[in-house]
Amino acid sequence: MEKLVHSAKKHNKGGGPSLWVTASGKGGAGKTFVTSSLAITLTKLGYSVIIVDLDAAGANVHTALGQNPAPVSLRNWLEGQKDLAGIVTPTNLPRLSFVQGLWDSWCPIELSVENMRKLAAELRTLRCDFVLVDLGPGATEAHLELFRGADEKILVSTPEPTSIEKTYRFLEAYICSTLRDSARPEAFEDLLKTLREHRHRRHKKPFSFRGHLREHEGFQIDHFEALSRSPVRLVINACRSQVNAELGYSMKSVCSKYYDLGLDFLGALDFDNAVWQSVKNKEQVLIAQPFTPLAGQFLAVCKHLIAPEELRAVG
Ligand SMILES: Nc1ncnc2c1ncn2[C@@H]1O[C@H](COP(=O)(O)OP(=O)(O)O)[C@@H](O)[C@H]1O
Ligand SMILES: [Mg+2]
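The following refers to the structure shown. All figures in this text were calculated on a predicted structure; none of them were measured in a lab.

### Quick word on the sheet that holds strand β3 (residues 49–54)
In sheet architecture, strand pairing relies on hydrogen bonds along the backbone and comes in two forms, parallel and antiparallel. Ordered in space as β4-β5-β3-β6-β2-β7-β8-β9, the 8 strands form an open sheet in which the pairing is mixed. Among the strands making up the open sheet, the edge pair consists of β4 (88–90) and β9 (264–270). Going from strand to strand, the sheet's axes swing by 25° on average, the running direction of each strand aside. Two elements, strand β2 (residues 18–23) and strand β7 (residues 152–157), share 4 bridges in a ladder whose sense is parallel. Bridge pairing in β7 links Ala23 to Leu155. Docked against the sheet, helix α6 (residues 161–182) engages β2, β7 and β8 (232–239), running at close to 150° with respect to β7. Taken strand by strand, helix α13 (residues 293–305) contacts β7, β8 and β9, and its axis lies near 165° from that of β9.

### Quick look at the site of ligand 1
Gly30, Lys31, Thr32, Phe33 and Val275 are the nearest of the 16 residues found near ligand 1. For the shell around ligand 1, the secondary-structure elements that each account for two or more residues are α1 (31–44), β8 and α11 (273–280). Here the shell around ligand 1 is composed, by residue class, of 8 nonpolar, 6 polar and 2 charged.

### Focus on the environment of Arg229
Relative to the helices and strands, Arg229 is located in the loop between α9 (223–228) and β8. C-alpha separation for the pair Arg229 and Gly262, spaced 33 residues apart in sequence, amounts to 9.3 Å.

### What about unusual backbone geometry?
With a phi angle near 60°, Asp260 is a residue other than glycine that sits in the positive phi range. Along the polypeptide, Asp260 turns up in the loop between α10 (242–259) and β9. Residue Lys282 is not a glycine yet carries a positive backbone phi of 60°. By secondary structure assignment, the location of Lys282 is in the loop between α11 and α12 (285–288).

### What to know about the packing of helix α5 (residues 141–148) against α6
To describe two helices that pack against each other, one gives the angle between their axes and the distance between the axes. For the pair α5 and α6, interaxial distance at closest approach is 10 Å and the crossing angle is 75°. Viewed along their axes, α5 and α6 adopt a mutual orientation that is roughly perpendicular. Contact residues: Leu144, Phe147 and Arg148 in α5; Ala173, Tyr174, Ser177 and Thr178 in α6. Of the residues in the contact of α5 with α6, the class split is 4 nonpolar, 2 polar and 1 charged.

### Focus on the environment of Gly138
Counting through the fold element by element, Gly138 comes out in the loop between β6 (130–135) and α5. With 17 C-beta atoms counted inside 10 Å, the residue Gly138 sits in the partly exposed group. Note: C-alpha distance between Gly138 and Leu266 (128 residues apart in sequence) is 20 Å. Once you skip the residues sitting within four places of it in the chain, Gly138 turns out to touch Gly25 and His143.

Reading the values: rules and limits
Residue indices follow the written sequence of each chain, beginning from 1 at its first position. Each chain is given a letter, starting from A, and each ligand a number, starting from 1, according to the order in which they appear as written. For this predicted model, a pLDDT threshold of at least 70 governs which residues receive local features, and a threshold of 80 or more governs which side-chain atom pairs are given and counted, while totals over whole chains, interfaces and linings are taken from all residues. Two strands pair under a simple rule: DSSP has to find at least two bridges between them. Elements are defined by DSSP. Helices are runs of H or I of four residues or more, strands are runs of E of two residues or more, and each kind is numbered from the N terminus. As a rule, the C-alpha atoms of each element are fitted with a line to give its axis, helices using only the stretch in contact, and angles between N-to-C directions run from 0 to 180 degrees. Contact between residues is assigned whenever the C-beta positions, reconstructed from backbone atoms, fall within 7 Å. Using a C-beta atom placed from the backbone, a residue is scored as near a molecule or strand whenever that atom is within 6 Å of it. Classification used: nonpolar for Ala, Val, Leu, Ile, Met, Phe, Trp, Tyr, Cys and Pro, charged for Asp, Glu, Lys and Arg, polar for all others including Gly. Convention used here: angles under 35 degrees read as roughly parallel, angles over 145 as roughly antiparallel, angles from 65 to 115 as roughly perpendicular, and any remaining angle as oblique. Put simply, a residue is buried when 20 or more other C-beta atoms lie within 10 Å of its own C-beta and exposed when 12 or fewer do; between those, it is partly exposed, and each C-beta is set from the backbone.

And the structure:
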């Protein structure tokens, strides 16, 4: 791989770290794998990265990275004992640290919207180039709060129908959450009612956000244009065929047709047995096997997300 270092200019124009949030409609789609792989790829490009494990029910970033659970965790932050910087734990990999999630699940904590607002502000103050957040599965209000505010919003789906369906449900929840803020309350309630009716198949035609916004008052006319300024990105993970890999394009056109949402298909990621085998060996696959097609696919994703002028080749 070409060796690159971080140029003086930050990816995030605001000055703090750039915030990438990885989400999925369904558990097991590969969020943790994708987040840890993106993080490792970014460190290979010369950036410093902190991964934050926000899967409240299934925190396992440490396992995916081949690390032991850290002595301090998000629990210390949630309970007010430490600030966020105080729970960042270095790994044995260069330029990579992580925030241990809630792995002591005998004492569960519900992550609230309020928690997320506070967290989002503190994440921006961390000293690194990129903060990558691994969200739990599904579209809770707390998830959507953080997802909406991210610099990069990355959805992970597998090619399985169960995962694809949940990806669409996540996108609908995301769109609704953005409309709730900008639409007139009665127009928003009416939209939810229509959406529910469609879910119960009381209408023949599939629901179209584009159509609904055109035909009803109370919405901002340029809502979807505003959303497209920070597009949702999609990766199809664990692909076993070309047909699997091309699914991203079909999903992109469904989103455009029915949601008026310009989904950005980042690409397909191979299914590779080495992924789980390397977890067993306590080594992330891109460290154990750095020159595979999978490693190339993650590099392509990162290069797509970072402006070319911000990557500087050395040696
Ligand atoms: N591309 C892949 N190829 C092979 N196995 C994968 C791939 N992506 C994920 N896995 C495996 O699938 C399981 C679920 O992945 P994980 O990242 O934990 O999902 P999530 O975080 O969305 O619940 C893990 O055992 C992981 O090692
Ligand atoms: Mg996970």
